[in-house]
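Overview (structure and organization)
Chain residues, written in single-letter form:
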Amino acid sequence: MSQSPAPSPRLLKLGVLAATVAMLAALGLFALTLDARDRTDAGTRLVVTAEGCRPETLNVPAGDTTFTIVNASDRAIEWEILDGVMVLEERENIAPGLHQPLTARLAPGDYTMTCGLLSNPRGTLHVTANDEAAPVARLARQDFIGALAEYKVYLTLQGRRLTDAADTLHQAIAAGDLGSARAAYRRARLIDQRLAMATGLFSDLDQRLNARASDFARRENDPQFVGFHRLAHGLFTVGRTQGLAPVAAQLGEDARTLTTRLRQASIPPARLADGSARALQVWLDHSGDPADDRPALDARERRDLRGLTQGTDKIVSLLDPLLERCAPPLRQRLHDALDTLEKALPDSTTAGDDADRDALVADTRALADTLQELNPALALNG
């Protein structure tokens, strides 16, 4: 059987060259398409570097604005829009090299922006009047009067308990009693997590109480790193009370300030469900990633989730009558998601296994996703 003659070396070279040119042309067209799409979807673009925001000042018209936050640093970041100490909007856990969109409806005024590390300088956001924009919707509060009044009582009582627990923690640390300090820490932290939704309204207190070492340039050695995670590092990781008394004293003062603010604060109805979902998402961002090489959730992470779930349960009970009237199917799905997570969280001080971790992460995400549906279903925004 005869064989076809082999192609000449010259033809082979021409073929390879033609294929290479075609591949480069296709890649170039693909890159241009991505770049065009990125420019189209970017909206108001803000780059967060290791040093802060670029640009440091943004000017946008009132109404709906879509921001694209680009993380150009080497750590995961969060970005917030603040009105004084009140958090208006936020985007959590943006990984290095990635970008996240955030659409906010803002009234005219001047706001500040957090810019990555908590030790970085803050940026400025100027929102100018826009006659063509739809007015920023005001929340109708009359249907929430009873729920908000009951929640205010709950927050005040929990705030007092947090203050008492923080004082007990400070006394145990000052006495050098590691066992008692650890027990007092667990009590105080559980209450702190019940209050996570409300604490998240106050950026300054939330940062002091709940910031993590990764939020600071010098991590555990950064002098601005205080609060629960700093105490947990000393009490449980290092295993001693030395040097923690000033941190515990600051925690007590912050707990007192929080209690005062919670007693005086006007909680926006739209933040009840949305803020609870955000608090759960923060837990997922820091504890629920199965790719972080840790074999299982540790006991502190499980206790944190229990406190968050207890705080969410209170909010769900407050919204229940309104959901029963306006969105019965969603109400049932919300209760199912909450019940599933509560049953998966036994009272335990030990770490769980891989299966336990996967189940808790899935159940927590399901609850957070269902909570995110409440505001659209109830026609709430803000």
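Keep in mind that what you see is a predicted model, and the values were worked out from it rather than measured.

Cut-offs used in this document
- Residues numbered from 1 in each chain as written.
- Predicted model: local features only at pLDDT ≥ 70, side-chain atom pairs only at ≥ 80, totals over all residues.
- Heavy atoms only, no water.
- Axes fitted to C-alpha atoms, helices over the stretch in contact; angles between N-to-C directions.
- Helix = DSSP H or I, 4+ residues; strand = E, 2+ residues; numbered from the N terminus.
- Parallel < 35°, antiparallel > 145°, perpendicular 65-115°, else oblique.
- Left-handed = near helix turned anticlockwise from the far one by under 90°.
- Contact = heavy atoms within 4.5 Å.
- Nonpolar A, V, L, I, M, F, W, Y, C, P; charged D, E, K, R; others polar.
- Pairing = 2+ DSSP bridges.
- Expected span 1.5 Å × (residues − 1).

1. Side note on the packing of helix α2 (residues 145-174) against helix α9 (residues 299-326)
Each pair of packed helices gets described by two things: the angle between the helix axes and the distance between those axes. Where α2 meets α9, the axes come as close as 9 Å, and the angle between the chain directions of the two elements is 155°. The orientation of α2 relative to α9 falls into the category roughly antiparallel. The two elements α2 and α9 meet at a crossing, and its hand is right-handed. The segment α2 lies against α9, with Ala147, Glu150, Tyr151 and Tyr154 engaging Gln310, Gly311, Lys314, Ile315 and Leu318. By residue class, the composition of the contact of α2 with α9 is five nonpolar, two polar and two charged.

2. Points about the sheet that holds strand β2 (residues 53-54)
Backbone hydrogen bonds are what pair the strands of a sheet, in a parallel or an antiparallel way. Read from one edge to the other, the open sheet built from four strands follows the order β2-β1-β4-β7, with strand pairing classed as mixed. In the strand order of this sheet, the two ends are held by β2 and β7 (99-106), each with one partner. As judged from the two bridges shared by strand β1 (residues 44-48) and β2, these two strands associate in the antiparallel manner. Residue pairing for β2: Val47 is matched across the bridge by Arg54.

3. Some remarks on the sheet that holds strand β9 (residues 123-128)
As summarised here, the arrangement of the five strands in space is β3-β9-β8-β5-β6, forming an open sheet in which the pairing is mixed. Of all the strands in the sheet, just β3 (57-61) and β6 (86-94) have a single pairing partner and so form its edges. Each strand of the sheet is rotated relative to its neighbour by a mean of 20°, with strand direction disregarded.

4. What about α2?
End to end, α2 covers 43 Å across 30 residues, agreeing with the expected 44 Å (1.5 Å per residue, within 8%). Once α2 ends, the next one or two residues include Gly176, with phi positive near 75°.

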